[in-house]
Protein chains: 2
Amino acid sequence: MDNHIVIMAGGVGSRFWPMSTPECPKQFIDIMGCGKSLIQLTVDRFSGICPPENMWVVTSEKYVDIVHKQLPEIPESNILAEPCARNTAPCIAYACWKIKKKHPNANMVVTPSDALVTNTVEFKRVIEKALRFTDEGSAIVTLGIKPTRPETGYGYIAAGDQLLTDKEMFTVDAFKEKPDKSTAESYLAEGSYFWNAGIFVWNVRTITSVMRVYAPGIAQIFDRIFPYFYTEDEGKMIQKFFPTCENISIDYAVMEKVQEIYVLPASFGWSDLGTWGALHGLLPQDESGNATVGPDVRMYDSRDCIVHVSEEKRVVIQGLDGYIVVEKDNTLLICKLDEEQRIKEFSK
Amino acid sequence: MDNHIVIMAGGVGSRFWPMSTPECPKQFIDIMGCGKSLIQLTVDRFSGICPPENMWVVTSEKYVDIVHKQLPEIPESNILAEPCARNTAPCIAYACWKIKKKHPNANMVVTPSDALVTNTVEFKRVIEKALRFTDEGSAIVTLGIKPTRPETGYGYIAAGDQLLTDKEMFTVDAFKEKPDKSTAESYLAEGSYFWNAGIFVWNVRTITSVMRVYAPGIAQIFDRIFPYFYTEDEGKMIQKFFPTCENISIDYAVMEKVQEIYVLPASFGWSDLGTWGALHGLLPQDESGNATVGPDVRMYDSRDCIVHVSEEKRVVIQGLDGYIVVEKDNTLLICKLDEEQRIKEFSK
């Protein structure tokens, strides 16, 4: 098998300001206080599935140096720089066309760089299973996370029929946008709806074929760039044509339309870490529900807070209930957890 | 008139941690965000009363450099270093005996370095009046601040009879310790009780005489050091004998016992800035009662907070009611204003 991993790392992580900033967004931060950034944890959980030479990172030009510094084992030439943000469809096309040129039989996983997985053994089993499923033929597999609560912050995948040949695998009935609360509750009760983790598995022939059908504009652009990959003109061509791609997600451009697509339901402690509330739920908490990341954080008369401070900071907090306290570089944010949707506004 | 000002600047300001730290206590900090530290403001308000050569600062050894840096106009030899903290009586004796040696007719004001005065014109009038009163003879004058609320955080001076020769001046009936709430309320209703600002006016003959009577141990120590002032052995003698002084306040050692003592009631917007609550009341507030010191502090849905951060800090606060938020160097404190008496505990 010629396995490849494509890590999408172009996000700006604005919901985690000021921990996450445009200069250093969340995928490059040790959010969990474990000594590794989210992108380092992402690479770690794919170890053994392919060698580092088969790992690819697509990111913004301005994060290339950070990626290289945090992931020195990945060849610098595998770090693909987007001249501008164009959502996931052009990002994925860039990686797939480039990989295809040298590895026409590549079989691959596309993954976000900023999600968290707690059961990495089960994660690896599921990924390897999906890769076996897509290695031949033209199937696309999406991972569907078994929901544990009526979450309104994620998109859902509605599963259809169970495959006779593989009872873990289901057809996809539909992709569903983020639901409202009552819809999310019915999804949870139904049992056949799964969170869309944005993790896709396919071989490179399949994805390039379906993009030619469903995203022909983007496909044409990369067909045009294709002869220049691995030449000295590659950068110039990307600079010139990448920005002309449609700004569209892979879900919307391809996944929702394609026929031969399957969902592999899985439970490996996944979270997209999209909110402070989600992070609060994942970090270890003291007996009062406070989750703290920082070397010297003392809490008095406080509960259900999340505190995230830089390494050399000493913090004393008294009398806070349900707050976010974040300090990084020269910025301090104190905000109620249930007002965190306003953080984007605060950061301006 | 041979006027001198003695500024006591040995305090550690532990109630304002982490803004005030043992390395740089509150008298050396720009608490008001006005561009000057409290000790600089103190020197400013005495300008015109005596030249800088007649200003003296008594402080801890470890603050000598800060004093010199903040008050370059005061001769370095006028900065008197205490080898250890021994409360106000030894501190004042040190300055008075030293001044007496070169200025036997000195008339002087002793003042804390960390209080605030808002009406400096009235302050100057009152000080000059007190100095005229003590220039000859053996009177001691204390300034009594007319109380505006039943404050339990200050000591009080009970005024006795109005002087026939000067209707602004009263005899002192008694010095009163910090009262409980109901006692403070009766003091306020009475009208003849004043806050003890710790500002004393006397001539150097008077204070050395009364100390010989009421604090003979301390007086003997400085009589012994006296021949060595302004010699190369002064430092050695202070190192050796200052620590042997009794640890006692000037109020307790002398003021409460001496006979010829008067109180000059005054109103010049005085505060000892002893608490965050007091500072909150003195700083300009926004329409929601938030007082902020810092270059970029934004408050949302917050009221009655005091925020004090270092110069380069950006702060966003949402949803706090009645809190202290202080950041300095690498320390952050968030604490309810009505729990500020616990700050000493937090700082350990």
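Refer to the structure presented above.
Owing to the predicted nature of the structure, the values given are computational and were not obtained by experimental measurement.

> Looking at this structure, how should I read the overall build of chain A?
Assigned secondary structure in chain A consists of 11 helices and 17 strands. A compact globule built from 348 residues should have a C-alpha radius of gyration of about 20 Å, and chain A, at 21 Å, falls within 12% of that. Each principal axis of the C-alpha atoms in chain A carries an extent, and together these give about 60 × 50 × 35 Å. By residue count, 57% of the 348 residues in chain A fall in the buried class.

> Looking at this structure, I do not really get the sheet that holds strand β17 (residues 331-336) of chain B. What am I missing?
Here we have six strands laid out as an open sheet, ordered β13(A)-β15(A)-β17(B)-β16(B)-β14(B)-β12(B), and mixed in their pairing. Both outer strands of the open sheet, β13 (296-300) of chain A together with β12 (291-293) of chain B, are each paired with one neighbouring strand and no more. Taking the axes of each pair of neighbouring strands and ignoring which way they run, one obtains an average angle of 5° across the sheet. With four bridges joining them, strand β15 (residues 314-318) of chain A and β17(B) adopt parallel strand pairing. What sits directly across from V315(A), in β17(B), is L332(B).

> Whenever I open this one, the packing of helix α3 (residues 88-102) of chain B against helix α6 (residues 204-214) of chain B confuses me. Can you help?
How two helices pack is summed up by the angle between their axes together with the distance between the axes. All names here are of chain B. Running from amino to carboxyl end, α3 crosses α6 at an angle of 130°, the nearest separation of the two axes being 10 Å. The angle between the axes of α3 and α6 places the two elements in the oblique class. Regarding α3 and α6, the two cross each other, and that crossing is left-handed. Of the residues in α6, those touching α3 at A89, A93, C96, W97 and K100 are V204, I207, T208, M211 and R212. Among the residues forming the contact of α3 with α6, the class breakdown is seven nonpolar, one polar and two charged.

> When you look at the pattern of salt bridges in this model, what are you seeing that I'm missing?
Oppositely charged side chains are able to pair whenever their charged atoms sit close together. Tallied over the entire structure, the rule returns 34 salt bridges over all chains. The closest approach of N and O atoms between E339(A) and R342(A), which form a salt bridge, is 3.4 Å. The partly exposed category is assigned to E339(A), whose relative accessible area is 22%. Exposure remark for R342(A): the relative accessible area of 19% places this residue in the buried category. The partner of R342(A) in a salt bridge is D301(B), with the nearest N and O atoms 2.7 Å apart. In this pair, R342(A) is assigned in the loop between β17 (331-336) and α11 (343-346) and D301(B) in the loop between β13 (296-300) and β14 (306-309), connecting two distinct chains. Taken together, the salt bridges that share partners define one network made up of E122(A), R125(A), K129(A), D166(A) and E168(A).

> Help me out: how do you make sense of the relation of the copies chain B and chain A in this one?
The two copies are related by a screw motion: chain B maps onto chain A through a turn of 180° and a shift of 0.0 Å along the axis, at an RMSD of 0.0 Å. In short, the pair behaves as if placed about a two-fold rotation axis. Looking at the interface residues of chain B, 100% of them are also at the interface in chain A, so both copies use one shared face.

> For this particular structure, what's the right way to read the interface of chain B and chain A?
When the parts of a complex come together, some accessible area is lost, and that lost area is often taken as the interface size. The interface of chain B with chain A comprises 30 residues on the first partner and 30 residues on the second. Between chain B and chain A lies a buried interface of about 2600 Å² when both sides are counted; carbon and sulfur atoms form 49% of it. Ranking the residues of chain B by area buried against chain A places R314(B), Q318(B) and L332(B) at the top, with a combined share of 25%. Summed over the shared surface of chain B and chain A, the result is four salt bridges. Across the chain B-chain A interface, the total number found is 28 residue pairs in polar contact (both at pLDDT 80 or more). A class-by-class count of the residues in the side of chain B that touches chain A yields 13 nonpolar, five polar and 12 charged.

> In this structure, what is going on with the nonpolar core? I would like to understand it.
The nonpolar side chains of soluble globular proteins are, as a tendency, buried together. All names here are of chain A. With 73 residues, the main nonpolar core has I127, F268, W270, W276 and L279 as its most contacted residues. Each residue touching W276, except ones within four places of it in the same chain, is listed here: R15, F16, W17, M19, I306, H308, I324, V326, L337, E340 and I343. Counting residues in hydrophobic clusters, the runner-up holds 50 residues, among them V58, A159, F222 and V263.

> Would you take a moment to explain the packing of aromatic side chains for this structure?
How two aromatic rings sit relative to each other is set out by the distance from centre to centre and by the angle between their planes. Applying the stated criterion to the full structure yields 34 aromatic pairs over all chains. Seen from their ring centres, Y154(A) and W195(A) are 4.9 Å apart, and the 70° between their planes marks the pair as edge-to-face. Taken together, the residues span a long stretch of sequence, with Y154(A) in the loop between β6 (140-145) and β7 (156-162) and W195(A) in strand β9 (residues 193-203) at a distance of 41 residues. With respect to class, Y154(A) is no different from W195(A); both count as buried. The interplanar angle of 55° and the centroid separation of 6.0 Å between the aromatic rings of Y94(B) and F242(B) together place this pair among those described as tilted. Highlighted residues: Y94(B) in helix α3 and F242(B) in the loop between α8 (234-241) and α9 (250-255), separated in sequence by 148 residues. Owing to a relative accessible area of 4%, Y94(B) belongs among the buried residues under this scheme. Residue F242(B) is classed as buried on the basis of its relative accessible area, which comes to 0%. In this structure, R45(A) packs its charged tip against the face of F123(A), placed 5.6 Å from the ring centre.

> I tried to follow the side chain of R342(B) on my own but got confused; where do I start?
Among the polar contacts made by the side chain of R342(B), one reaches the side chain of D301(A) at a distance of 2.7 Å. For R342(B), the contacting residues outside a window of four places in its chain are Y300(A), D301(A) and Q318(A).

> Help me out: how do you make sense of a negative patch on the surface in this one?
The grouping of E23(A), E311(A), E312(A) and D329(A) at the surface amounts to a negative patch. Note that E23(A) resides in the loop between β1 (3-9) and α1 (38-45).

> Just checking my understanding: could you explain the environment of S288(A) for this structure?
All names here are of chain A. Residue position: S288 is located in the loop between α10 (276-282) and β12 (291-293). Exposure remark for S288: the relative accessible area of 30% places this residue in the partly exposed category. With residues near it in sequence (within four places) discarded, S288 still touches S302, R303 and D304.

> Quick question: what am I supposed to make of the sheet that holds strand β14 (residues 306-309) of chain A here?
The pairing of strands in a sheet comes from backbone hydrogen bonds and takes either a parallel or an antiparallel form. One open sheet holds the six strands; their spatial order is β12(A)-β14(A)-β16(A)-β17(A)-β15(B)-β13(B), and the pairing between them is mixed. With partners counted over all chains shown, the strands left at the sheet margins are β12 of chain A together with β13 of chain B, one partner each. Pairs of neighbouring strands in the sheet enclose a mean axial angle of 5°, with direction left out of account.

The rules behind these values
Residues numbered from 1 in each chain as written. Chains lettered and ligands numbered in written order. Predicted model: local features only at pLDDT ≥ 70, side-chain atom pairs only at ≥ 80, totals over all residues. Heavy atoms only, no water. Helix = DSSP H or I, 4+ residues; strand = E, 2+ residues; numbered from the N terminus. Rg over C-alpha atoms; globule rule 2.2 N^0.38 Å. Buried < 20%, exposed > 50% of the residue type's maximum accessible area, 1.4 Å probe, protein only. Pairing = 2+ DSSP bridges. Axes fitted to C-alpha atoms, helices over the stretch in contact; angles between N-to-C directions. Parallel < 35°, antiparallel > 145°, perpendicular 65-115°, else oblique. Left-handed = near helix turned anticlockwise from the far one by under 90°. Contact = heavy atoms within 4.5 Å. Nonpolar A, V, L, I, M, F, W, Y, C, P; charged D, E, K, R; others polar. Salt bridge = Lys/Arg side-chain N within 4 Å of Asp/Glu carboxyl O. Least-squares fit on C-alpha atoms with pLDDT ≥ 70 in both. Buried area = accessible area lost by both parts, 1.4 Å probe. Polar contact = N/O pair within 3.5 Å; in protein donor to acceptor, adjacent residues only side chain to side chain. Core = buried A, V, L, I, M, F, W, Y, C linked by side-chain atoms within 4.5 Å. Phe/Tyr/Trp six-rings, centres within 6.5 Å; stacked < 30°, edge-to-face > 60°. Lys NZ or Arg CZ within 6 Å of the ring centre and 35° of its normal. Patch = residues over 30% accessible without salt bridge, like charges linked within 9 Å, V, L, I, M, F, W, Y side chains within 5 Å. Areas by Shrake-Rupley, 256 points an atom, 1.4 Å probe, with all protein chains shown as cover. Lys, Arg positive; Asp, Glu negative; His and termini not counted. Charge placed at Lys NZ, Arg CZ, Asp CG, Glu CD.

Any link to function would need more than the numbers given here.
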